[in-house]
Structures are given as structure tokens and as C-alpha cells.
Amino acid sequence: MHALVGENGAGKSTLMKILYGMQKPDEGTIVIDGQQVSFSSPADAISRGIGMVHQHFMLADNLTVLENVVLGSEKLYGIGGGARKKIKEISDRYGLGVRPDVLVEDLGVADRQRVEILKVLFRGAKTLILDEPTAVLVPQEVDALFDNLRELKSEGLSVIFISHKLGEVLSVADDITVIRRGTTVGTAIPSQITSRQLAEMMVGSELPTPETAESTVTDRAVLEVRNLTVYTSGMVTLGESSASYLMDEVNRGEVKRVLDDVSFTIHAGEVMGIAGVEGNGQTELIDALIGTKNADSGTVHFLGEDITPWATRRRRESGVGYIPEDRHRQGLLLESPLWENRILGHVTEKPNAKGFWLDPKGAQADTRRIVEEYDVRTPGIDVTAASLSGGNQQKLIVGREMSHNPKFLIAAHPTRGVDVGAQAQIWDRIREARREGLAVLLISADLDELIGLSDTLRVIYNGRLVADADPATITPEELGSAMTGAASGHLEHVETTDDDAGPEDEAR
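Residues numbered from 1 in each chain as written. Predicted model: local features only at pLDDT ≥ 70, side-chain atom pairs only at ≥ 80, totals over all residues. Heavy atoms only, no water.

Concerning the sheet that holds strand β12 (residues 297–302)
Judged by pairing direction, the sheet is antiparallel, and its 4 strands sit side by side in the order β10-β9-β12-β13 without closing on themselves. A single partner strand is all that each edge strand has here, and the edge strands are β10 (257–267) and β13 (305–306). (Pairing = 2+ DSSP bridges. Helix = DSSP H or I, 4+ residues; strand = E, 2+ residues; numbered from the N terminus.)

Focus on the pattern of salt bridges
In total, this model carries 22 salt bridges according to the counting rule given. Here K153 makes a salt bridge to D174, at a shortest N to O gap of 3.2 Å. Of this pair, K153 sits in helix α7 (residues 139–154) while D174 sits in the loop between α8 (166–172) and β7 (175–180), and the two are 21 residues apart along the sequence. Judged by relative accessible area, which is 31%, K153 ranks as partly exposed. Classification of D174 by relative accessible area gives partly exposed; the value is 36%. In the salt-bridge network here, residues are joined through shared partners; they are R342, D366, R369, E373 and R429. (Salt bridge = Lys/Arg side-chain N within 4 Å of Asp/Glu carboxyl O. Buried < 20%, exposed > 50% of the residue type's maximum accessible area, 1.4 Å probe, protein only.)

Considerations on helix α9 (residues 195–203)
Residues of α9 that are buried include every one of L198, A199 and M202, and no others. The buried residues of α9 occupy an angular sector of 100° when projected down its axis, which confines them to one face. Buried residues along α9 sit in contact with β1 (2–5), α8, β7 and α17 (420–435). (Arc of directions from axis to C-beta. Contact = heavy atoms within 4.5 Å.)

Considerations on the packing of aromatic side chains
By convention here, two paired aromatic rings are described through the distance between centres and the angle between planes. Applying the stated criterion across every chain, the model contains 1 aromatic pair. Consider the rings of F146 and F161, whose centres lie 5.7 Å apart with planes at 80°: the pair is edge-to-face. You can see F146 sitting in helix α7 and its partner F161 sitting in strand β6 (residues 158–162), a full 15 residues away along the chain. Residue F146 is classed as buried on the basis of its relative accessible area, which comes to 3%. We classify F161 as buried; its relative accessible area is 0%. Directly above the ring of Y374 sits R429, whose terminal nitrogen or CZ lies 4.1 Å from the centroid. (Phe/Tyr/Trp six-rings, centres within 6.5 Å; stacked < 30°, edge-to-face > 60°. Lys NZ or Arg CZ within 6 Å of the ring centre and 35° of its normal.)

Observations concerning the nonpolar core
Residues V5, L149, V169, I176 and L198 are the most contacted members of the largest nonpolar core, which totals 48 residues. Considering each element in turn, this core owes the most residues, 6 residues, to helix α6 (residues 109–122). Beyond its immediate chain neighbours, meaning those up to four positions away, V169 contacts A3, V5, F161, S163, I176 and L198. In terms of nonpolar packing, the next biggest core, distinct from the first, is built from 44 residues, A275, L388, M402 and V440 among them. (Core = buried A, V, L, I, M, F, W, Y, C linked by side-chain atoms within 4.5 Å.)

Structural notes on the confidence of the model for the protein chain
For the protein chain, per-residue confidence averages 83 on the pLDDT scale, and residues scoring 70 or more make up 89% of the total. Predicted confidence for residues 234–243 stays below pLDDT 50, and this span has 10 contacts to residues more than four positions away or in other chains. Scored below 50 in pLDDT, residues 496–508 makes 12 contacts in the model with residues more than four places away or belonging to other chains. (pLDDT = per-residue confidence, 0-100.)

Considering the pairing of strand β17 (residues 408–412)
Counting buried positions over the 5 residues of β17 gives 5, a clear majority of the element. Side chains F408, I410 and A412 of β17 all project onto a buried face; the interleaved residues L409 and A411 project onto the opposite face, where all are buried too. In the sheet, strand β14 (residues 320–323) pairs with β17 via 4 bridges, with the strands oriented parallel. Its bridge partner lying in β17, Y322 is registered against I410. Of the pairings in the sheet, the one linking β17 to strand β18 (residues 439–443) comprises 5 bridges and is parallel in character. Across the sheet, F408 pairs through a bridge with A439, a residue of β18. For the crossover that starts at β17, traverses α17 and ends in the parallel β18, the hand is right-handed. (Right-handed = clockwise from strand over helix to strand, strands pointing away.)

Things to note about α17
An ideal rise of 1.5 Å per residue puts 22 Å on 16 residues; α17 measures up with 23 Å between its terminal C-alpha atoms. Listed in full, the buried residues belonging to α17 are V420, A422, Q423, A424, I426, W427, I430, R431, A433 and R434. Against the buried residues of α17 lie α8, α9, β11 (271–275), α16 (390–402), β18 and α18 (447–453). Two residues or fewer past α17, G437 is found with a positive phi of approximately 105°. (Expected span 1.5 Å × (residues − 1).)

Here it is as C-alpha cells:
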């Protein structure tokens, strides 16, 4: 298992695209099993046993999991029973929990990643390239993934592992290669290097921490959510059907509550963190708050005003910022230039608009400012968003949202796939705005980030807020345990030793 690390834009993904046949090298050689090879397409790489799981998934939303897995490889096992049997066999063997008949558009980020891994294994890959595989996984899921990878390794597979989570790199890799600005700057053996030393090799600075020392929480409520309930997509809302009919549907199991009677308040200067395994209602909560999905019952009050019936644009104009959980699907137009992406979500606001008209020059000038202030590494503002690395795309989105001085910010995985330097910048921006009275809902799979940045912590499980914790005392392990449903209520940190830690302590 060979780890490849480096800051955003260092060339990691480009290197892997070359190895996977998506891009042709100008110079150099690739040797597999002692034989020099040249790939003109991913099909050539796949035929040589190389499979890649991209940081941004390559799946067709309108197809089922089974259809996505067999697409392009129909000759292997057919498209019926043979393929289904093979998918189930791989899924069970590696604990992936993949459901063949579910539409990909209905899956969360973590489930999509498992489909991508299964798709690669389905094709018989012997060398597996994983680009940021743990970006949105909680500790238990990371452990399960690493167990799967170790099992693959024991069967003779090779794994190339790209990650910005240096602790994970040190725990799972056999060797590490560090690249900076497109060239190899060093190699390391995990047992002989620390996270701090590895970070310094990558970016020339120490590893940042998300810790927030001072409290800035006020008693002024910015967002008040009361009894918010959302049912599975595709059903009618209460306004179109009777409550009794809806409950009949629920009782028959034809629909389910994906968000169940959720209530909370976020004050000015407060970061409230939501911890939960992917798919437990976080996405539906975000949709209900930003207005892309109607709540079936309950209310949302923003600065004392009921915004439950408001459209998304009105919420945005009133001061709701949004860093989406999937920047490609929800945050960017990949084939449009950076300055057009700067306008997204803020088409009616300055500097993007003058009255009823868009103001391209104003948007372009402000995009240059964001590029400079947020260190978005790009040759210019006219290049497409797709040409930037994932971390630089994320910095552009954060810069866009913070530029409108939001009063309430929904931050979903704000540092997903960014290097340690960019992480520190994004954390600093959130802390700075928090000191000025910003209220933040933070949803993240990085439990250190959740604990370090949050003033209050809530745990979501099966669409309900089941537990709360004090960020000053809770550990990532205890929080991760609660996320699996093993604990509820107020979580207290328990000091144990190896000798006296029993099952009750572990559960608690």
C-alpha cells in the first residue's frame, strides 16, 4: 500500500490520470510487471489490471447501482443474474453493503464511493488507485475500509492511496511518496516520520489544528428549527394530502421519515456541529434549511422570521450562505469560467448585478480578489472550474460564500479533499466570521474538525438528533460510537485504562 501525498495542485490527480490512461504523458515511462506500457484510454489501463476510484465519482445518476457497475463491462458477467450474483459476492466479501437496484441519485456520498470501489473490483483490478477515499467517512467506516484494503493487499493486490489525512496515511501505508508542484520531493517510511514532519515536507509548514479556544456564543438566536420532519423523496407534501393518509403510508412502510421531529437553535457567534454516519438525514436537513426541499412539517425561523415557505433565492438574499457537500454536483458549473462560478447562488446581489442586470465586470473583479485572498491557484479567472484541483475549487466556493457576509452559514464538509494549508485557511475564515457573529451549522465526516470548531455538538441517527456532547471533553472515538446508535442523551467523557475498560465503557 503506497501513499501519495502533496498539497492541492501538486499534481497527484494528474499523475493518477496518466496511470489510468485518461491523460497521456509528455515524457517518462510506465512499467507494469517488468514491461513498459503506453495507455491511450482507461480501457487499456483496465486491461492491465489498473482500477481507479476518483475523488469525484464517475457514476451515472439516472442508472441503478447494477447498471453503473456493469456499464462498459457487460461481456464479463452479462447484465442479469450473473452480474447481480458477482456484485453480491464482492459486496459481501468486502463488507461494502451495496444494493444493486437502488438509483445512484438516491445514494449519499459514502455509498457512492462504495459503488465505485465495487465497480473497480468487478473488473478484476490488481492495482487499485484510491483518490481521497476517506474524505467523508466516519472513523468506523474508515477502519472498515482499511480492513478491506488490507485484505485486498493480502491477496496480492497493490493499492495507491492519495490522502490529505496524514494520520491515516501513517497508519495504513507501507511507503509514502511526497510531491510538490509536480515533482517528487521525498519519500518516507511511516514508522520513521511524524505527521508534523510529513506536513512540513508537503507544504513547508506545521500541521494545523482546528481548535477554537475562545467562546463567542451570544444569546441572540439566528436560526430556530422546530419539529422539522421530511419524508422520503417522491411523495406528496402535507399541503397536497391529508395527514391521516400520510400516516397510513408511513405505517405501511411505503414512505419513511428521513428527518424526524428535529429541533435546535443556533445563536450568533456559535458553530453547531452535526455528527452522523452518511445517510442519516444530514442531506435532507441541509435541503430543508436552504429551501431545495419542502419540509413536510415543522418550521424554520431565521432572525425571528418564519422562512419555512420561502424560496431558496429569498433565503440566500437574506443572508444564508451554503458550502455544499458535493462541490461538483451542487456548487460549480465545471465547464464555465471561474468568474461565472463566482456568480452562482448570488445572481441578484452585488457585485454580480446592477439592478436587474448582471454585471460581468464586477463579478470578474471580485473573482480576482477571491483568487488572491483565498490563494486559489489558477492561471486566471477565465479558465474553467474543471481545470482546478479539488482543493482550489473548494477555496473558490468558500470565498464566494464568505464574500456576501452571511448571517447563517451551512458548511457541509467544508475542507473535504483540501490539503493542510488550505484546511487552515478555511478554518481561519470560519473562526473569523464566527467572532463577528456568524452562526454556523457544520456537517463534517472529519470528527477532529467537528470537535475542534464546534461550540455545541449534536449526533444525528436515523433522522433524529439522538445525543449531544461537549466538544471540550468528547473524544473522536466516543463521538464515533454514538454515531452508530450505541449511545444517546448527553455524552460524557469516561476516563478508562486498558485494565478496567469494559463493554459498558466502550458502549458509553
